[in-house]
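In case you want the letters, here they are:
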Amino acid sequence: MRLLIYRRRITPLLTMLAVIFLISGCKESNNENQISGQKEEVLNEVESVIKENAPVPALEIQVDPSGIHLSAIPEFVKITVANTSEELEYKGSYHYSVEYWDNENWIPVCCPAVPDEEVKISPGESAVFDYIQLNPKEYDYSVGKYRVNYNNCGFGEFSIIDE
């Protein structure tokens, strides 16, 4: 089973490396910039294939508070992001969104801009972020189930409840 998983990950990588080898061996082109641009394009594609096939650590997200009164929606909530994997370090960004469950789909409600800095969370460790914006003045919240989508790697649910 593991061999099959590794084969799926390595096959696209080997294909891309073969393409790089062919492009670098190209001697008939008079335009060196064109070849260099092609090499960069292929390298970017190889990098994206590696990222797509890279294993992702298991993240557990807890939202505090988990129940919020409709008449008292705070500007910010706090999340705790725990890396529950045994071996994989989480390396990602601060990106998140707040989503509403409409009984069929998760609908984005709030997607604030955040710094594009890297976050690292070692296996078995956690990080606390107290800046998760709900922006109640900008978004019309209603009673229901919501979640914080942390960089598409973990989700923490909370509810907005009536009095």
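Residues numbered from 1 in each chain as written. Predicted model: local features only at pLDDT ≥ 70, side-chain atom pairs only at ≥ 80, totals over all residues. Heavy atoms only, no water.

Structurally, the position occupied by Glu163 is in the segment after β10 (154-161). A residue is classified by how much of its surface remains accessible, and Glu163, at 65% relative accessible area, is exposed. Measuring from C-alpha to C-alpha, the distance between Glu163 and Val143 comes to 10.0 Å, with 20 residues separating the pair along the chain. For Glu163, the contacting residues outside a window of four places in its chain are His69, Leu70 and Ser71. (Helix = DSSP H or I, 4+ residues; strand = E, 2+ residues; numbered from the N terminus. Buried < 20%, exposed > 50% of the residue type's maximum accessible area, 1.4 Å probe, protein only. Contact = heavy atoms within 4.5 Å.)

Of all hydrophobic cores here, the largest spans 27 residues; its most connected members are Ile79, Val81, Phe129, Leu134, Tyr141, Tyr150 and Phe158. Elements with a minimum of two residues in this core: β1 (59-64), β3 (76-83), β5 (96-101), β6 (106-110), β7 (119-121), β8 (126-133), β9 (144-150) and β10. Apart from the residues within four sequence positions on either side, Tyr150 is in contact with Leu59, Ile61, Ile79, Val81, Tyr90, Ser93, Tyr94, His95, Tyr96, Val119 and Phe129. (Core = buried A, V, L, I, M, F, W, Y, C linked by side-chain atoms within 4.5 Å.)

Moving on to unusual backbone geometry. Geometrically, the link from Asp64 to Pro65 is a cis peptide bond, its omega value of 5 degrees lying close to zero. The topology assignment puts Pro65 in the loop between β1 and β2 (67-69). The backbone of Asn152 shows a phi angle near 60 degrees, a positive value even though the residue is not glycine. Within the secondary structure layout, Asn152 lies in the loop between β9 and β10.

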